[in-house]
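Geometric and topological summary
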Amino acid sequence: MLEAIIALASLGLIFGLVLGLASKKLKVEVDPTVEKLIEVLPGANCGACGYPGCSGLAEAIAAGKANIDSCIPGGKETADHVADIMGMSSGDCKEPLIARVQCQGTVDKSKYIYEYEGIPSCDLAAGYFNGSKDCQFGCFGLGTCAASCPFDAITMGEDNLPKIDMEKCTGCGVCVEACPQNIIRLGRATQRIFVSCSNTDKGKDSRKVCTISCIKCRICEKGCPSDAIHVIQTGTGTIARIDEEKCTNCGWCADNCPTGAIQTIEPLEDFFKMINNRVPVKEEESKSGCAACGLCK
Amino acid sequence: MSYFAMIISAMLVSNIVLSQFLGVCPFLGVSKKVESAVGMGMAVVFVMTIASAISWLVYHFILVHYGLEYLKTIAFILVIASLVQFVEMVIRKFSPGLYKSLGVYLPLITTNCAVLGIALLNIQNGFNFLETVVNGAANALGFTLALVLFAGLRERVDEMDVPAALAGTPISLIIASIMSIAFLGFTGLV
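Only a predicted model underlies this, so the values are computations on that prediction, with no experimental measurement involved. (Residues numbered from 1 in each chain as written. Chains lettered and ligands numbered in written order. Predicted model: local features only at pLDDT ≥ 70, side-chain atom pairs only at ≥ 80, totals over all residues. Heavy atoms only, no water.)

For the rest of this paragraph, the subject is the interface of chain B and chain A. On the chain A side, the residues contacting the 19 residues of chain B number 17 residues. Interface of chain B and chain A: buried area, both sides summed, is about 1500 Å²; carbon and sulfur atoms make up 85% of it. The largest contributions to the chain B side of the interface with chain A come from B:Leu78, B:Met89 and B:Lys93, which together make up 30% of the buried area. Applying the counting criterion to the chain B and chain A interface returns 0 salt bridges. Inspection of the region where chain B meets chain A yields 0 residue pairs in polar contact (both at pLDDT 80 or more). Only α3 (34-63) and α4 (72-94) of chain B provide two or more residues apiece to the side of chain B that touches chain A. When residues of the side of chain B that touches chain A are assigned to their parent elements, the largest contribution, 12 residues, is made by α4(B). In terms of residue class, the side of chain B that touches chain A is built from 14 nonpolar, 2 polar and 3 charged. (Contact = heavy atoms within 4.5 Å. Buried area = accessible area lost by both parts, 1.4 Å probe. Salt bridge = Lys/Arg side-chain N within 4 Å of Asp/Glu carboxyl O. Polar contact = N/O pair within 3.5 Å; in protein donor to acceptor, adjacent residues only side chain to side chain. Helix = DSSP H or I, 4+ residues; strand = E, 2+ residues; numbered from the N terminus. Nonpolar A, V, L, I, M, F, W, Y, C, P; charged D, E, K, R; others polar.)

Moving on, we come to the side chain of B:Asn135. Residues and elements named next belong to chain B. When you line up the elements, Asn 135 lands in helix α8 (residues 129-159). Of the residues examined, Asn 135 reaches a relative accessible area of 8% and is grouped as buried. Non-local contacts of Asn 135, meaning those with residues more than four positions away in its chain, are made with Met 6, Ala 10, Ile 118, Asn 122 and Phe 127. (Buried < 20%, exposed > 50% of the residue type's maximum accessible area, 1.4 Å probe, protein only.)

Residue and element names in this part refer to chain B. When the pLDDT values of chain B are averaged, the result is 87; 98% of them are 70 or greater. Within chain B, helix α5 (residues 96-102) has the poorest average pLDDT of any element, 74, and α8 the best, 93. Reported confidence for the predicted complex is 0.74 by ipTM and 0.55 by pTM. (pLDDT = per-residue confidence, 0-100.)

Residue and element names in this part refer to chain A. A positive phi is found at Asn 160, a non-glycine position, where the angle reads about 70°. Position of Asn 160 relative to the elements: it lies in the loop between β2 (154-156) and β3 (162-164). By relative accessible area, Asn 160 is classed as partly exposed at 28%. At Lys 216, a position not held by glycine, the phi torsion is positive, near 55°.

With that out of the way, let us pick up the packing of aromatic side chains. As enumerated under the stated definition, the model contains 7 aromatic pairs over all chains in all. When the ring of A:Tyr114 is compared with that of A:Phe129, the centres are 6.2 Å apart and the planes differ by 75°; the resulting orientation is edge-to-face. Here the residue A:Tyr114 occupies a position in the loop between β1 (97-101) and α5 (122-126), and A:Phe129 occupies one in the loop between α5 and α6 (144-148), the gap between them amounting to 15 residues. Residue A:Phe129 is classed as exposed on the basis of its relative accessible area, which comes to 70%. An angle of 20° between the planes, with centres 4.4 Å apart, marks the rings of B:Phe27 and B:Phe150 as stacked. Taken together, the positions of B:Phe27 in helix α2 (residues 24-29) and B:Phe150 in helix α8 put the pair 123 residues apart, joining distant regions of the chain. (Phe/Tyr/Trp six-rings, centres within 6.5 Å; stacked < 30°, edge-to-face > 60°.)

With that out of the way, let us pick up the pairing of strand β7 (residues 238-242) of chain A. All names here are of chain A. Along β7, 4 of the 5 residues are buried, which leaves the element largely enclosed by surrounding structure. Of the pairings in the sheet, the one linking strand β6 (residues 229-233) to β7 comprises 5 bridges and is antiparallel in character. For Val 231, the partnering residue across the bridge sits in β7 and is Ala 240. Hairpin connection of β6 to β7: 4 residues between the antiparallel strands. (Pairing = 2+ DSSP bridges.)

One number sums up the size of the largest pocket: a volume of about 1300 Å³. Lining the largest pocket we find 34 residues, and of these A:Ser55, A:Glu59, B:Arg92, B:Tyr99 and B:Lys100 sit closest to its centre. The element contributing the most residues to the lining of the largest pocket is helix α3 (residues 53-62) of chain A, with 6 residues. Here the residues of the lining of the largest pocket are counted per class, giving 17 nonpolar, 8 polar and 9 charged. (1 Å grid on protein atoms, 1.4 Å probe; cavity = no way out; pocket = protein on both sides within 12 Å on 5 of 7 lines; lining within 4 Å. Points joined across faces, edges and corners; volume = space filled by probe spheres on them.)

Here we come to the side chain of B:Asn15. Residues and elements named next belong to chain B. Structurally, Asn 15 is set in the loop between α1 (3-13) and α2. Only 2.9 Å separates the side chain of Asn 15 from the backbone nitrogen of Val 17, close enough to count as a polar contact. At a separation of 3.2 Å, a polar atom in the side chain of Asn 15 contacts the main-chain amide nitrogen of Leu 18. Not counting chain neighbours up to four residues away, the residues in contact with Asn 15 comprise Ser 9, Ala 10, Gln 20, Gly 142, Ala 146 and Phe 183.

Turning next to the pattern of salt bridges. Residue and element names in this part refer to chain A. One pass over the structure, following the stated rule, counts 4 salt bridges over all chains. Between Lys 163 and Asp 159 there is a salt bridge; the shortest N-O distance is 3.4 Å. Taking the relative accessible area as the measure of exposure, Lys 163 reaches 39% and is therefore partly exposed. Put simply, Asp 227 and Lys 246 hold a salt bridge, and the shortest N to O gap is 3.8 Å. With a gap of 19 residues between them, Asp 227 in the loop between α9 (219-223) and β6 and Lys 246 in the loop between β7 and α10 (252-256) connect regions that are remote in the sequence. The class for Asp 227 is partly exposed, based on a relative accessible area of 39%.

Soluble globular proteins tend to bury their nonpolar side chains together. Core analysis: the largest hydrophobic core is formed by 56 residues, its most contacted members being B:Ile16, B:Phe27, B:Met40, B:Met48, B:Phe76 and B:Ile109. Where this core is concerned, the elements lending two or more residues are α1 (2-25) of chain A together with α3, α4, α6 (105-108), α7 (113-124), α8 and α9 (169-184) of chain B. It is α3(B) that provides the largest number of residues to this core, a total of 12 residues. When neighbours within four sequence positions are excluded, B:Phe27 is seen to be in contact with B:Val17, B:Leu18, B:Ala146, B:Leu147, B:Phe150 and B:Ala176. Core analysis: the next-biggest nonpolar cluster, separate from the first, contains 21 residues, A:Ile164, A:Cys169, A:Ile184 and A:Phe194 among them. (Core = buried A, V, L, I, M, F, W, Y, C linked by side-chain atoms within 4.5 Å.)

As structure tokens, this is what we get:
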């Protein structure tokens, strides 16, 4: 017993000493910027930045190949530290993205055509007759997105639709990949108005399966004061989508959508403070007089 | 056994991945591109050959000497883990190009059961020192061969119209099992 302990301990000691000496002798000079960057990055090696681990990202930032806000989970705090090291201001960051659920098909609005009793996974449910919802584009409510979220930002609401906690959401896009129905999309964090429907069928058909779906009536398209919303062609049909570059969040489309498919999200006070710190949001000043947006009402 | 027969046997007949099912995780994990498969293979050749040699020395000159043969597994883990660290430092110092191309694969080898498996099998089969080194290198080459072939197949399958239910990992596992069956065809060659 004693021999075993001594033998292993001395083996470990010898190897340790050799390694210690080797690390002294074979030390490679690393760019001090990279070392500092590795220190401020979270070290979770999650890969959300697209580089192999945090040290890979640090090298890319130091080489100027990656943006200073490339670390998604690190958020503003990390971006600030990185900006300090790189001698930039974090105001140079691009706007963060937030995941949005593009379906409002609660049980009373879009019926289930059968009761799914299998393993609670949307991927599996999608394999049975295009899923259990009357609307084949709708959310099944089985929570695959909530399970996939690495930041616990998604919970399943009582209405069987996922709820996204905007303060926790980092815009990493894992849920977008996970949803077999392609209901979750990423959008700019300051975007407050979006089309909350994914049904690309013709108006009549989509109305039949869900009372709150986009019926492609183009009222929003015609009325939008900034030409930001259009009924566009997608792979499976047409649907109204907002061009976030042009949208001024005036809310005209949301107020005038006959089915209520266009949704306005309440601004979270702290959340917008966070966003405002990071990206100076310029108040859109009306240049050509009243745009009939209805905000003053 | 002649050395030539030993090399053929290690690479084809009893291929470490496809017949002995050791090192399956890097086989599945590092085989999406032929390039990275070659990198991983080279790193394993390097480490497995040296690890075989050193573990043989440790076993025969330390463990056997003090009658501690039963400690060989843990002692070999110690040898391999430190060796990988050491090799990483050496490569980093003297060949930054190779270090870059090996990337994360080098530390991954620390936890590779194939390296430990070969070190233990060398002892179990009672090889002498030269046989141990040859066997280690040949097995590593067999590992590289399996990895590169598999990566080549996966690169092609990625372009194919695979049924949705089989796309990704399932089809890879099916390919791996068919490769394994194919390699069984070498049985009796040596």
